Amino acid sequence: RQLKTNMKRSTATLLIGLALVLPGCVVTSLHPFYAEDDLVSVPALVGKWTVEKEGEVSQEVVEFKQDGEKSYRIVTEPAAGTTEESLARFFKLGDQLFMDLCPTKNSGPEFIPVHRVFKASLSSRSLALAEMKYDWLEELLEENAGAIRHEVIQERDHEGKEHRRIVLTASTKELQEWLRGNAE
């Protein structure tokens, strides 16, 4: 997917997977992947973006809104209707840029805000985001269950099929050490 903006009549591109708008097997963590000292500001992202898929612009709109000095509220408005909101924070580990994404809509007492991480690459006209591959993590943990602290949760989907879900439980410091060694 590509997201394009019409800000200042220039064309900018945001390249992402389906991760911002589609549910599925995604890597989540109970703790943020960033420490406050690692946060960076990316003001060029502020504005409305439309999604382009396979060369065609969809009706979907993604808007980055400044939400504090170093955080951004991402509002996704799919063509079908339901608006989704997330809080994005960009951070650096060494020379590598990452984005931590956390939902903001509290759906009740059972709601637990989890964090997702994306490796980011920024140029003057584009931002590419790559989410950690769930299958890769699942394989890694099958081979070495102690690679990173986690829990495996059994859940059923709306059709009654059982699925396993991996949730990282490591501290922020442990997550960052692990990212440094595994973000290729």
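See the structure above.
Residues numbered from 1 in each chain as written. Predicted model: local features only at pLDDT ≥ 70, side-chain atom pairs only at ≥ 80, totals over all residues. Heavy atoms only, no water.

Side note on a negative patch on the surface
On the surface, a cluster of negative charge is made up of Asp 135, Glu 139, Glu 142 and Glu 143. For Glu 139, the location among the structural elements is in helix α1 (residues 134-143). (Patch = residues over 30% accessible without salt bridge, like charges linked within 9 Å, V, L, I, M, F, W, Y side chains within 5 Å. Areas by Shrake-Rupley, 256 points an atom, 1.4 Å probe, with all protein chains shown as cover. Salt bridge = Lys/Arg side-chain N within 4 Å of Asp/Glu carboxyl O. Lys, Arg positive; Asp, Glu negative; His and termini not counted. Charge placed at Lys NZ, Arg CZ, Asp CG, Glu CD. Helix = DSSP H or I, 4+ residues; strand = E, 2+ residues; numbered from the N terminus.)

A word on the pairing of strand β8 (residues 84-93)
Burial runs high along β8: 7 of the 10 residues are buried. The pairing of strand β4 (residues 39-40) with β8 spans 2 bridges and is antiparallel. Considered in β8, the bridge of Leu 39 is made with Phe 91. In terms of strand pairing, strand β7 (residues 72-77) meets β8 through 5 bridges, oriented antiparallel. What sits directly across from Thr 76, in β8, is Glu 84. In this structure, the hairpin formed by β8 and strand β9 (residues 96-103) is closed by a connection of 2 residues, where Gly 94 is found at a positive phi of approximately 65°. (Buried < 20%, exposed > 50% of the residue type's maximum accessible area, 1.4 Å probe, protein only. Pairing = 2+ DSSP bridges.)

Observations concerning the sheet that holds strand β13 (residues 162-168)
Taken together, the 3 strands give an open sheet; going across it, the order is β3-β13-β12, and neighbouring strands pair in mixed fashion. The open sheet has two edge strands, β3 (28-29) and β12 (150-156), and neither has a second partner. Pairing analysis gives 2 bridges linking β3 to β13, with the strands arranged parallel. Across the sheet, the residue bridging to Ser 29 is Leu 168, located in β13. Each of β12 and β13 is contacted by α1, which is oriented at about 80° to β13, the strand it contacts most. (Contact = heavy atoms within 4.5 Å. Axes fitted to C-alpha atoms, helices over the stretch in contact; angles between N-to-C directions.)

Quick look at the packing of aromatic side chains
Using the criterion set out here, one finds 4 aromatic pairs in the structure. Relative to Phe 91, the ring of Tyr 34 lies with its centre 6.3 Å away and its plane at 45°, an arrangement referred to as tilted. Residue Tyr 34 is found in the loop between β3 and β4, and its partner Phe 91 is found in strand β8; the two are separated by 57 residues along the sequence. By the burial criterion, Tyr 34 is buried, and Phe 91 matches it. Judged by centre distance (5.9 Å) and plane angle (40°), the ring pair of Trp 136 and Trp 178 falls under tilted. Within this pair, whereas Trp 136 is found in helix α1, its partner Trp 178 is found in helix α2 (residues 172-182), the two being separated by 42 residues in sequence. Accessibility expressed as a relative area gives 34% for Trp 136, which makes it partly exposed. (Phe/Tyr/Trp six-rings, centres within 6.5 Å; stacked < 30°, edge-to-face > 60°.)

Points about the side chain of Thr 169
Examined against the element boundaries, Thr 169 turns out to sit in the loop between β13 and α2. Here His 150 takes part through its backbone nitrogen, which lies 3.3 Å from a polar atom of the side chain of Thr 169. Once residues within four sequence positions are removed from consideration, Thr 169 is found in contact with Leu 30, His 31, Arg 149, His 150 and Glu 151. (Polar contact = N/O pair within 3.5 Å; in protein donor to acceptor, adjacent residues only side chain to side chain.)

Some remarks on the nonpolar core
Ranked by size, the top nonpolar core spans 19 residues in total, and within it Phe 33, Phe 91, Val 117, Leu 137, Ile 148, Leu 168 and Leu 179 carry the most contacts. Secondary structure elements with two or more residues in this core: β8, α1, β13 and α2. In contact with Val 117, not counting residues within four places along its chain, are Phe 33, Phe 91, Phe 98, Met 99, Ala 130, Glu 131, Met 132 and Leu 179. Listed in part, the 15 residues of the second largest apolar core include Ala 88, Met 99, Leu 101 and Phe 118. (Core = buried A, V, L, I, M, F, W, Y, C linked by side-chain atoms within 4.5 Å.)

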